[in-house]
Structures are given as structure tokens and as C-alpha cells.
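# Breakdown of the fold
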Amino acid sequence: QPQSCWFILHPQGDVRLSWDISGLFMLGYDCVMTPLQLIMEKEPLGVFVCGWIVNCFWTLDIGASLITGFYRETHLEMRWRNIIQFYMTRWFFFDVLVVLPDWITLFFQYDENLEDGLSTLRVLKVIRFLRLMRLVKLKRLIGDVLEGMNSDFSRAQRALASVRLSALMIMIF
């Protein structure tokens, strides 16, 4: 069996666990701030900076997903070629679809020519609302975090915790 590359992350390793927990925080930020940004006339500097941090995180998440192993049934797959093929056929296009509007919004929101048109600004704010599509990844993120913690919970308890957290996030909206 071919060896994996040195930079491939174990899906239940400490680095990936920390990354997934950070992803939960970023997703929480998106859930709270996205609706608020739709009603803001102008973003405060802190919100602007946090927006850049969140966008950078989700963009880097695409790269992190390209170097994270996965389980195919019970077999751990750590070969880079297979990881890329797996990610490209599952989450890649969705992730790009979610990240791209954020970058478009950030770059064009501060263009003086475009900002003059009120309708353009509204369109950019609505496009930003697309970031809530990341909620689709919530179940996977929660599952990855719980698996990575190597706790003594049974699968049923983890599934129940995942459902509860998903319901909580939905109730926020």
C-alpha cells in the first residue's frame, strides 16, 4: 500500500479537531452577523476585519479539506490523490459556491463606483446572505468534532448531540 504524504492530516487528529472547532465558531459568527449585516448601512471596522478573517478561514478550509484523510467505510484513506478525488466529488464545488460570493462582496463593496448605486449595495448584501448555506456543513462539522474527541459516547449519543446542536442553530433563526 502506498505511503501517504507527510502533510496529510488525520481526520481525527488534534490539528483537524482544532480546525473543525474553529469552523464551528466561524459558522456561529456567520449565523449571527449575516442577518445583522443586511440591515447595517455601513459596517464598523471591527465587523469588516472579522469578515476578512472569516472569509480567509473558509477559503483556507478548502485547502485543509484537500489535505485531510477520510474513512471509506472502515478503511482510513490517507493518499493525497484519493483525498483530492473524494473532496472534488463531494464538497469542493459547494465550498467554492459559498466562498466566492463573500469575496465578490468584500472586493466590490468598497469600490467607490459601485457603492454609489444603492441597488448594487443591496444586491451585494443579499449575495452575502448566501454564506448561510454553510449551515449545510453543520452536521458534518459537528460529526467530525465529536469523532475527533474520541469520547466514550456511543454513536447514538453523538447523533443525539448533533441533532440537538443543529436544532439549536436553526432555532436561532
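The following paragraphs examine the structure supplied in this document. (Residues numbered from 1 in each chain as written. Predicted model: local features only at pLDDT ≥ 70, side-chain atom pairs only at ≥ 80, totals over all residues. Heavy atoms only, no water.)

Secondary structure summary: the protein contains eight helices and two strands in total. Put simply, 74% of the contacts in the protein that link residues at least 6 apart link residues at least 24 apart. Accessible surface, the protein: about 10700 Å² in total, of which carbon and sulfur atoms supply 68%. (Helix = DSSP H or I, 4+ residues; strand = E, 2+ residues; numbered from the N terminus. Contact = heavy atoms within 4.5 Å. Areas by Shrake-Rupley, 256 points an atom, 1.4 Å probe, with all protein chains shown as cover.)

Bringing the packing of helix α2 (residues 45-66) against helix α3 (residues 80-90) into the picture now. Two elements in contact, α2 and α3, have axes separated by 8 Å at closest approach and are oriented at 130 degrees. It follows that α2 is oblique to α3 by the angle criterion. Counted together, Ile62, Ser65 and Leu66 of α2 and Trp80, Ile83, Ile84 and Tyr87 of α3 form the full contact between these two elements. Its residues placed into classes, the contact of α2 with α3 shows six nonpolar, one polar and no charged. (Axes fitted to C-alpha atoms, helices over the stretch in contact; angles between N-to-C directions. Parallel < 35°, antiparallel > 145°, perpendicular 65-115°, else oblique. Nonpolar A, V, L, I, M, F, W, Y, C, P; charged D, E, K, R; others polar.)

Relative to the helices and strands, Ser65 is located in helix α2. Since its relative accessible area comes to 7%, Ser65 is described here as buried. The residues touching Ser65, leaving out its near neighbours within four places in the chain, are Arg16, Ile83 and Tyr87. (Buried < 20%, exposed > 50% of the residue type's maximum accessible area, 1.4 Å probe, protein only.)

Right, let's get into the environment of Asp30. With respect to the helices and strands, Asp30 occurs in helix α1 (residues 14-39). On the basis of relative accessible area, Asp30 is assigned to the buried category, the value being 0%. Each C-alpha atom of the pair Asp30 and Gly51 lies 8.9 Å from the other, and the pair is 21 residues apart in sequence.

Before going further, it helps to spend a moment on α2. Between the first and last C-alpha of α2 there are 32 Å, a value that for 22 residues agrees with the 32 Å anticipated at 1.5 Å per step. By the burial criterion, the buried members of α2 are Val47, Gly51, Val54, Asn55, Phe57, Trp58, Asp61, Ile62, Ala64, Ser65 and Leu66. (Expected span 1.5 Å × (residues − 1).)

Time to look at the packing of aromatic side chains. Scanning the entire structure with this criterion turns up ten aromatic pairs. Geometrically, the ring pair formed by Tyr87 and Phe92 is edge-to-face, given 6.0 Å between the ring centres and 75 degrees between the ring planes. Each member of the pair, Tyr87 as well as Phe92, is classed as buried. One aromatic cluster is present, formed by Trp6, Phe7 and Trp80 through successive ring pairs. (Phe/Tyr/Trp six-rings, centres within 6.5 Å; stacked < 30°, edge-to-face > 60°.)

Before going further, it helps to spend a moment on the pattern of salt bridges. Across all of its chains, the model carries three salt bridges by this definition. As a salt-bridge pair, Asp20 and Arg16 come within 3.1 Å of each other at their nearest N and O atoms. Here Asp20 pairs with Arg16, and both are found in helix α1, just four residues apart, close to one helical turn. Arg79 is the partner of Glu77 in a salt bridge, and the nearest nitrogen-oxygen pair spans 2.8 Å. Exposure remark for Arg79: the relative accessible area of 26% places this residue in the partly exposed category. Put simply, Arg16, Asp20 and Asp61 are held in one network by salt bridges that share partners. (Salt bridge = Lys/Arg side-chain N within 4 Å of Asp/Glu carboxyl O.)

This part covers α1. Along its 26 residues, α1 runs 38 Å from first to last C-alpha, staying within 8% of the 38 Å computed at 1.5 Å per residue. The largest bend in α1 comes to about 35 degrees, at Met33, with the proline Pro35 one to four residues further on. Taken residue by residue, α1 has Arg16, Leu17, Asp20, Gly23, Met26, Leu27, Tyr29, Asp30, Cys31, Met33, Thr34 and Gln37 as its buried positions. (Bend = angle between axes of the 7 residues up to and from the residue.)

Taken together, the side chains of Val32, Leu36, Leu38 and Ile39 make up a nonpolar region of the molecular surface, amounting to roughly 350 Å² of accessible area. Mapped onto the elements, Val32 comes out in helix α1. Judged by relative accessible area, Val32 falls into the partly exposed class, the value being 46%. (Patch = residues over 30% accessible without salt bridge, like charges linked within 9 Å, V, L, I, M, F, W, Y side chains within 5 Å.)

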